[in-house]
Amino acid sequence: MTVLGKTLWAIADELRGTMNADDFRDYMLSFLFLRYLSDNYEEVARRELGRDYPDETNLNQGETALQRWYTLNTEDIVEFEAQMRRKVHYVIKPEYLWSHIAELARTQSSELLNILNEGFRYIENESFERTFSGLFSEVNLSSEKLGKTYSQKNTKLATIIQKIAEGIGGFSSEVDALGDAYEYLIEQFAAGSGKKAGEFYTPQAISTILSRIVSLDAQNPERGIKDGIKRVLDFACGSGSLLLNVRKQMRDRIGRIYGQELNVTTYNLARMNMILHGVKDSEFEIFHGDSLTNEWPFLNNPNPTNKVEFDAVVANPPFSLKWAPKEETAQDFRFQNYGVAPKSAADFAFLLHGLHYLSKDGTMAIILPHGVLFRGGAERAIRKKLLEDGYIDTIIGLPSKLFYSTGIPVCIIVLKKCRTADDVLFIDASRDFAKDKKQNRLRMGQNGEPNDIDKIIDAYQYRREIDKYARRVAFDEIQTNDYNLNIPRYVDTFEEEEEIDIQAVMGKIEELETRRADLDKQINVYLRELGLIQ
C-alpha cells in the first residue's frame with residue numbers, strides 16, 4: 001500500500017461523484033500515465049540541454065520550459081527529438097506535457113479539452129517508435145458523463161486534473177513510486193468492481209506465488225532463480241501485473257515480455273502499466289485478441305519450425321468460461337494430441353494453449369478452478385494424457401475468497417516438459433490465510449503474521465513432504481484413482497479429536513452434582529428465612 005496510491009484513491013473517492021467507477025478508473029490511470037511520461041521526459045530533457053534549458057523562474061504565464069526552448073530553437077528540434085528517442089525511447093511535444101495540461105486546468109483554460117485530445121492522439125500515434133493505437137480509446141473526452149456541453153466537459157476535466165495535480169505534486173515521479181501507485185489504484189478499483197474485477201486483476205499475493213515458481217530453475221528448483229528468461233508469456237494478461245511480477249522476481253533479467261488480452265480496456269491498462277514500470281516499448285508486446293481462437297499471428301503458425309517458445313508461461317484466465325469450439329478445433333495443433341475442452345468450461349483449452357508454447361526447459365504456472373482436477377469426460381481424458389506425458393509437476397490448493405471476482409477456492413497447476421521426477425507434488429494450502437472484512441488473504445509475514453507464500457514456495461522448491469500439507473504422489477497411485485487429482489485424495493488434513501477420558505468426565509459430573517445439591521440446600525435456607533417456603 002503506497003502513500004501516493006492512498007492519496008490518489010482519496011482523490012478518486014472525492015471526485016467520482018455519480019460517474020461509474022470503471023469510467024473514472026480510465027480517466028485517473030490515464031492521467032497518472034501522462035504524468036509519468038511527462039516528468040520522465042522533462043527530467044531527461046533538462047539533462048540533455050544542460051545550460052540551454054530555459055530558466056523556469058523566468059517564463060510567461062502558462063508557458064513551460066520546453067515550450068520556451070522549442071520557440072527559441074526551431075532549427076534544432078528534429079535533432080533534439082532524435083536524441084530523446086535514443087535516451088527515453090519516446091517524444092512528447094511541449095504542449096502535451098503534464099505540466100502544461102495541469103497549468104491549463106489550473107487556469108480553467110477553454111482549450112484544455114482540445115489540447116488533451118490532441119495530446120492523447122499524438123502519444124498513441126507519434127510518441128513511440130511503434131504506434132500504440134487506441135491506447136486512450138477508453139478515455140472518452142466527449143462523453144456526456146463529463147457534461148452535456150463542451151464548456152461543462154472542459155470544466156469537469158479541469159477540476160479532475162487540478163485535484164490530481166495538487167495531490168501528486170509533492171510525490172516522486174520515479175518509476176517505482178508511480179508504478180506502485182498505479183498497481184494500488186488498479187487493486188482498489190478491482191475491489192469495488194466485484195465480479196468484473198477478474199477481467200483485469202490478479203491479487204498481488206497469488207501473482208507473487210506464480211512469479212516465484214516460474215522464476216526458479218525448471219529442472220532443479222533447489223538451485224534457485226534462473227540466470228535469465230528469454231521470453232515470458234501471459235496469454236490472459238489483464239492489466240499486466242503478473243508479467244511485471246515475473247520481471248520483478250527475475251530482477252529485470254528478461255529478454256522480452258509477451259501478453260495477450262481480449263478486453264480492450266484491460267489491454268490498454270496493460271500497455272500503460274508496462275511503460276509506467278519502466279519497461280521500454282521495445283521490450284514488450286501486448287496483443288489485443290482471443291487466445292482460445294489463437295488470433296495472434298505471432299503465435300498462430302502451424303509450421304513446427306517457426307514455433308515460438310517461452311521459458312516462462314503464467315496465466316489467470318477466466319474460470320470455466322463457456323466457449324464454442326468448432327469441428328475443426330480437434331485438429332488445432334494445440335489440442336490435437338490431448339482433445340478439446342468441453343463447451344461448458346474452457347479451462348483446459350487455456351492450459352493446453354499455454355503448454356503448447358512452453359519451451360522444453362520452461363515452467364508454466366496457471367490458476368484454475370478445482371473442477372479441472374476431478375471433472376470427468378473430455379477433461380478426464382486430457383488429465384490422463386498430461387499425466388502420462390509427465391507434464392504435471394505440482395498442484396497447489398489455495399483458500400477460498402481470495403479473488404474479487406469469485407468466492408470459490410482455486411488451484412495452481414505447475415507444468416514442465418523437462419521433469420525427472422515420476423511423482424506429482426500436492427500442496428494443500430487451503431487452510432493458511434487471514435480473514436479480512438470481505439476477502440480472505442494470504443499472509444506475507446508482516447506484523448508478526450506467518451508467511452503463507454514462503455511456506456508454499458519452500459514446499460515447492462525443495463519438494464518437501466509435510467504432514468497434512470504437502471505430499472509427493474507416485475503415478476501408480478494417481479492411476480489407481482482413475483486420474484482424479486482432487487487434493488483431499490492425496491493430502492489428509494483430518495485432525496483427530498483429542499481422546500476423551502470418560503472416567504475423568506464422570507468424576508467431574510459427580511463433583512458438579514454434589515455442588516448443585518449443596519447450593520439447593522443453601523437456597524432453601526434463605527427462602528425459609530424469608531418465609532417463602534415452610
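Fair warning: this is a prediction, and the values are worked out from it, not measured in the lab. (Residues numbered from 1 in each chain as written. Predicted model: local features only at pLDDT ≥ 70, side-chain atom pairs only at ≥ 80, totals over all residues. Heavy atoms only, no water.)

Caption draft 1: Fine view of the packing of helix H5 (residues 98-106) against helix H6 (residues 112-127). Contact geometry of H5 with H6 gives a least axis separation of 10 Å together with a crossing angle of 160°. One way to sum up the angle between H5 and H6 is to call them roughly antiparallel. Of the two elements, H5 crosses H6, and the hand of that crossing is left-handed. Residues His 100, Ile 101, Leu 104 and Ala 105 of H5 pack against Leu 112, Ile 115 and Leu 116 of H6. Here the contact of H5 with H6 is composed, by residue class, of 6 nonpolar, 1 polar and no charged. (Axes fitted to C-alpha atoms, helices over the stretch in contact; angles between N-to-C directions. Helix = DSSP H or I, 4+ residues; strand = E, 2+ residues; numbered from the N terminus. Parallel < 35°, antiparallel > 145°, perpendicular 65-115°, else oblique. Left-handed = near helix turned anticlockwise from the far one by under 90°. Contact = heavy atoms within 4.5 Å. Nonpolar A, V, L, I, M, F, W, Y, C, P; charged D, E, K, R; others polar.)

Caption draft 2: Region of interest: the pattern of salt bridges. In total, this model carries 35 salt bridges according to the counting rule given. Lys 384 serves as the salt-bridge partner of Glu 388, at 2.6 Å between the closest nitrogen and oxygen. Here Glu 388 pairs with Lys 384, and both are found in helix H13 (residues 378-388), just 4 residues apart, close to one helical turn. With a relative accessible area of 40%, Glu 388 lands in the partly exposed category. A salt bridge links Asp 436 to Arg 441; the shortest N-O distance between them is 3.0 Å. Since its relative accessible area comes to 41%, Asp 436 is described here as partly exposed. Among the charged side chains, a network of salt bridges with common partners joins Asp 393, Lys 416, Arg 419, Asp 423, Arg 463, Glu 465 and Arg 472. (Salt bridge = Lys/Arg side-chain N within 4 Å of Asp/Glu carboxyl O. Buried < 20%, exposed > 50% of the residue type's maximum accessible area, 1.4 Å probe, protein only.)

Caption draft 3: Representation of helix H3 (residues 65-72). When you tally the buried positions in H3, you get 6 out of 8 residues, the bulk of the element. Turning to H3, its buried residues number three or more, namely Ala 65, Leu 66, Gln 67, Arg 68, Trp 69 and Tyr 70.

Caption draft 4: Structural detail: unusual backbone geometry. Phi is positive for Asn 447, close to 55°, though the residue is something other than glycine. Accessibility expressed as a relative area gives 80% for Asn 447, which makes it exposed. Backbone geometry at Tyr 483 places phi at a positive 65°, although glycine is not the residue there. Take Tyr 483: it is sitting in the loop between helix H15 (475-480) and helix H16 (502-529). The buried category is assigned to Tyr 483, whose relative accessible area is 4%.

Caption draft 5: Region of the structure containing the pairing of strand S6 (residues 392-397). Counting buried residues in S6 gives 6 out of 6 residues, a clear majority hidden from the surface. By the bridge criterion, 5 bridges tie S6 to strand S7 (residues 410-416) in an arrangement that is antiparallel. Pairing of Ile 392 across the sheet is with Leu 415, part of S7. (Pairing = 2+ DSSP bridges.)

Caption draft 6: Structural view of the packing of helix H1 (residues 3-15) against helix H7 (residues 150-168). Relative to each other, H1 and H7 sit at 155°, their axes nearing to 10 Å. One finds that H1 runs roughly antiparallel with respect to H7. H1 and H7 meet at a crossing whose hand is right-handed. Two secondary-structure elements touch here, H1 through Leu 4, Thr 7, Leu 8, Ile 11, Glu 14 and Leu 15 and H7 through Lys 156, Thr 159, Ile 160, Lys 163, Ile 164, Gly 167 and Ile 168. In terms of residue class, the contact of H1 with H7 is built from 7 nonpolar, 3 polar and 3 charged.

Caption draft 7: Highlighting the environment of Asn 140. The residue Asn 140 is located in the loop between H6 and H7 in this model. Asn 140 sits 370 residues away from Glu 510 along the chain, and the two C-alpha atoms are 79 Å apart. Excluding anything up to four places from it in sequence, Asn 140 contacts Tyr 27 and Leu 146.

Caption draft 8: Structural detail: the side chain of His 100. Relative to the assigned elements, His 100 resides in helix H5. There is a polar contact of 2.8 Å between the side chain of His 100 and the backbone oxygen of Glu 95. When near neighbours in sequence (up to four residues on either side) are disregarded, His 100 contacts Gly 62, Thr 64, Gln 67, Pro 94, Glu 95 and Ile 115. (Polar contact = N/O pair within 3.5 Å; in protein donor to acceptor, adjacent residues only side chain to side chain.)

Caption draft 9: Examining the packing of aromatic side chains more closely. The tally for this structure, following the rule as stated, stands at 22 aromatic pairs. Centre to centre, the rings of Phe 33 and Phe 136 are 6.1 Å apart; their planes meet at 50°, and the pair counts as tilted. One end of the pair, Phe 33, is in helix H2 (residues 21-49); the other, Phe 136, is in the loop between H6 and H7, with 103 residues separating them in the sequence. No difference in accessibility class separates Phe 33 from Phe 136, as the two residues are buried. (Phe/Tyr/Trp six-rings, centres within 6.5 Å; stacked < 30°, edge-to-face > 60°.)

Caption draft 10: Fine view of the sheet that holds strand S4 (residues 310-315). Across the sheet, which stays open at both edges, the 9 strands sit in the order S3-S2-S1-S4-S5-S7-S6-S8-S11 with mixed pairing between neighbours. Strands with a single pairing partner mark the edges of an open sheet, and in this sheet they are strand S3 (284-288) and strand S11 (470-474). Averaged over all pairs of adjacent strands, the angle between their axes in this sheet comes to 15°, without regard to strand direction. Here S6 runs beside strand S8 (residues 423-428); their pairing, made up of 4 bridges, is parallel. Of the residues in S8, the one forming a bridge with Thr 394 is Leu 425.

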